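# Summary of the model geometry
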Amino acid sequence: MAWDEWEQLKNEAAGKTSTAMQLNRVPDEPGSAPQGGDLKVDQQDLAAVGDSAFKLFDKLGKHGRDAWSVSQSAAKDLSTQGFAIGGALDHVQQRWEKQLQSLLDACAHISNHMDFTKNAHAGDEYHITTTMSSIATLDEGFTERTQRR
């Protein structure tokens, strides 16, 4: 890219009225008020993700190594008999174990994070509710003073 082209692109970008990013939505109609985003997550969504991650973790932990002993035995027998495929089978089994452990770690992380997020949001919700209710109580006090006068 030539320097002149770069300067031209910078000037064009500076002349635009908005540099805001817009994702996954149709632009607002001309003359209409912009609307807020529609991304929202509730406790049920978080619980479902965490529950699915936990179930996957549980099932992988129970069944992910079902073929391990048979595969290791076959790999050893084939290698002892001089077949190169015995070493290859052992290599595949080791790779499977690494990938399985990585997936188990990821599922545990997701499940734990969803539990943490759910609890954090519940704490935020409690804080907001108590703060708002104390503001309402304070407002009632001002309203009473105004009505007495």
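So, how was this worked out
Numbers given for residues are sequential positions, taken from 1 along each chain in its written order. Where totals are concerned, whole chains, interfaces and linings use all residues; where local detail is concerned, this predicted model gives features only for residues with pLDDT of at least 70, and gives and counts side-chain atom pairs only at 80 or more. Excluding hydrogens and water, the side-chain values take into account all heavy atoms of the structure. In what follows, salt bridge is the name for a side-chain nitrogen of Lys or Arg lying within 4 Å of a carboxyl oxygen of Asp or Glu. In this description a helix means any DSSP run of H or I spanning at least four residues, a strand means any run of E spanning at least two, and both kinds are numbered starting from the N terminus. The buried label goes to any residue with under 20% of its type's maximum accessible area, the exposed label to any with over 50%, and the partly exposed label to all in between, with areas taken from a 1.4 Å probe on protein chains only.

Glancing now at the pattern of salt bridges. This structure, assessed with the given rule, holds 3 salt bridges. The partner of Lys62 in a salt bridge is Asp58, and the shortest N-O contact between them spans 3.3 Å. Placement of the pair is Lys62 and Asp58 together in helix H2 (residues 43-63), with a separation of 4 residues, close to one helical turn. Relative accessible area serves as the criterion here: at 53%, Lys62 is assigned to the exposed category. Overall, the relative accessible area of 31% leaves Asp58 in the partly exposed class.

Along the chain, Ala48 falls in helix H2. For Ala48, a relative accessible area of 43% puts it in the partly exposed group. For Ala48 and Ser111, which are 63 residues apart along the polypeptide, the C-alpha to C-alpha distance reads 9.8 Å.

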